[in-house]
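# Working through the structure, step by step
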Amino acid sequence: MDIKEKDNKINLLEYDADGLKPIIEGLGMKPYRAAQICRWIYSEGADSFAAMTDISKADREALRESAEICPPELSERIVSHDKTEKYLFSLQDGERVESVLIPDEDRLTLCISSQAGCALGCRFCLTGAGGIRRNLLPHEITGQVFKTERIIAGGLAERTEAGLPAKITNIVMMGMGEPLMNAGNVFEALKRLMSPKMFNISSRRITLSTAGIVPGIKALGDSGLNVNLAVSINAPNDEIRDRIMPINKKYPLKELIKALKNYPLAPRRRITVEYVMLNGINDRVEHAAELGRLLRGLRCKINLIIFNEHVGSEFRKPEAASVLAFQERLHNMNYTAFIRESRGADILAACGQLRGISARKALTEAPPGV
Ligand code: SAH
Ligand code: SF4
């Protein structure tokens, strides 16, 4: 159970390891307690102050009086046929965001949200259809990981029995929102996810996906955070991209590709180019050839994402044969291109299907404007 008894307590999850020090001192404790508490919270997964056995009784009592460990609340959990799980989390102001847990044989990937909604309005994306509600704060972003770790720990026996991985190995920032439109909070959250004193997840296992905010890509490069970068290209030229991604008018492909080429990639890493395939829009072999020319000289791999249809969407998924032909054309131009299997589509947990509302509603109601 989360430690939440009364309001106006200090939520310790709002602070990073250093930020905890003055808070703990302010509660009348010795500064070294902060490191202990941080270890209990992040490494030991303690879910009560009582469990923090190397902290004196008096200090535990002081913590119980004035502090809490308060992650986002789980409002709904829904499991797909393919074992993908979608969580709907409620934040303190009642705002809701989604995270998706995707198990594979040897990895467990959590897809997290960076904003409630999204301002960019890509035409094929359900998140974009609802507009932006607000930016998430750093602890609301990391809170999705924190809470999911607790959910996993709570069902450990069943997970092991079902042969499912039991520890989050990878984080992708591909849920609701455009992370580089909330860069300050997102960068702080990434720092916390990587901090050995906190979540201790390697930068190699974290990927941020952007629709192509050019100054944000530069800022991410300059930040030295060194996470993997994915970019939703989705079109082989400006004409098509303008039509499906309004942000392209602000940052057209030439500028975007230039920013990607300047992104400081660690050795042996590549940028992931995401390309959502839309029937009759961007899925012809000539588009593949054009995409190949556009990406020439960029160290990248390409993920071909089959469009996930949703209620009222104006687009359709491509024919299987077109996808294969598209991939082959890219292979012939010496690109690595994967066809990305869509996970969790039956529970609207797949790419572009997150709306931050309850599953029953999402599966039956059309999005705004439809
Ligand atoms: N805003 C960021 C990250 C979230 S969207 C971005 O756009 O990259 C994550 C991915 O889902 C993007 O690559 C986007 O192109 C893709 N996507 C959106 N709607 C989709 C849909 N209906 N079907 C398949 N992929 C979709
Ligand atoms: Fe926003 Fe990404 Fe959806 Fe575009 S694809 S509307 S940027 S979440």
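Conventions and cut-offs
- Residues numbered from 1 in each chain as written.
- Chains lettered and ligands numbered in written order.
- Predicted model: local features only at pLDDT ≥ 70, side-chain atom pairs only at ≥ 80, totals over all residues.
- Heavy atoms only, no water.
- Salt bridge = Lys/Arg side-chain N within 4 Å of Asp/Glu carboxyl O.
- Buried < 20%, exposed > 50% of the residue type's maximum accessible area, 1.4 Å probe, protein only.
- Helix = DSSP H or I, 4+ residues; strand = E, 2+ residues; numbered from the N terminus.
- Expected span 1.5 Å × (residues − 1).
- Contact = heavy atoms within 4.5 Å.

What follows is about the pattern of salt bridges. Applying the stated criterion across every chain, the model contains 20 salt bridges. For the salt bridge of E44 with R39, the shortest nitrogen-to-oxygen distance reads 3.1 Å. Taking the relative accessible area as the measure of exposure, E44 reaches 45% and is therefore partly exposed. Exposure remark for R39: the relative accessible area of 31% places this residue in the partly exposed category. Taking the shortest distance from any N to any O, the salt bridge between E239 and R243 comes out at 3.6 Å. Residue E239 and its partner R243 are located together in helix 9 (residues 238-244), separated by 4 residues, close to a single helical turn. On the basis of relative accessible area, R243 is assigned to the partly exposed category, the value being 43%.

Taking 1.5 Å per residue as the helical rise, helix 7 (residues 183-194) with its 12 residues ought to reach 16 Å, and the 16 Å between its terminal C-alpha atoms agrees with that figure. For helix 7, the tally of buried residues reaches 9 of 12 residues, placing the bulk of the element in the interior. Considered for burial, the residues of helix 7 that qualify are A183, V186, F187, E188, A189, L190, R192, L193 and M194. Looking at the buried residues of helix 7, the elements they touch are helix 5 (138-154), strand 9 (170-173), strand 10 (206-210) and helix 8 (214-223).

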